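These are the residues of each chain, in order.
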Amino acid sequence: MIHAEGVAEVTDATFDEEVRGTGLPVLVEFTADWCGPCRQLAPVLGAIAREEAGRLKVVQIDVDHNPEVTSRYAVLSMPTLMVFQDGEPVKSMVGARPKRRLLQELEDVLPAAV
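Draft legend 1. Layout of the state of the cysteines. Tallying each qualifying case throughout the model produces one disulfide. Shown here is the disulfide that connects Cys 35 with Cys 38, its sulfur atoms set 2.2 Å apart. Measuring handedness by torsion sign, the sulfur bridge of Cys 35 and Cys 38 sits at about 85° and is right-handed. Cys 35 sits in the buried class, given a relative accessible area of 2%. Residue classification places Cys 38 among the buried residues on the basis of a relative accessible area of 2%.

Draft legend 2. Structural view of the environment of Pro 37. Here Pro 37 is to be found in helix H2 (residues 36-51). On the basis of relative accessibility, which here comes to 35%, the residue Pro 37 falls in the partly exposed class. Among all residues touching Pro 37, those that are not within four sequence positions of it are Pro 79 and Ala 96.

Calculation criteria
Residues numbered from 1 in each chain as written. Predicted model: local features only at pLDDT ≥ 70, side-chain atom pairs only at ≥ 80, totals over all residues. Heavy atoms only, no water. Disulfide = S-S within 2.5 Å. Buried < 20%, exposed > 50% of the residue type's maximum accessible area, 1.4 Å probe, protein only. Helix = DSSP H or I, 4+ residues; strand = E, 2+ residues; numbered from the N terminus. Contact = heavy atoms within 4.5 Å.

Encoded structure:
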């Protein structure tokens with residue numbers, strides 16, 4: 001698993017608690033060790049996790065080791081980025097993207113900066 005700094009790893013067992021039990025929007029990356037674009041995305045997610053720490057929680061889940069959550073949300077491509085608010089998926093994006101573009105795509109789900 002490619003770990004990005006500031007990005008927690010969740011599993012089938014911890015997903016509901018970590019993703020659905022939080023007040024913040026949660027960006028979940030569905031990833032896999034064999035996924036090249038996932039490796040490209042790791043530093044982007046790490047930077048966003050640090051910069052948006054008060055407004056967004058960023059986690060990743062390995063699809064190969066966590067089939068329950070992967071199938072629950074019908075994830076077929078890696079990386080898939082899914083944003084959850086109040087425990088429900090509100091946005092889904094497939095594929096790696098540069099940081100600026102990802103932040104633009106997240107604007108409508110991030111709470112206003114205080």
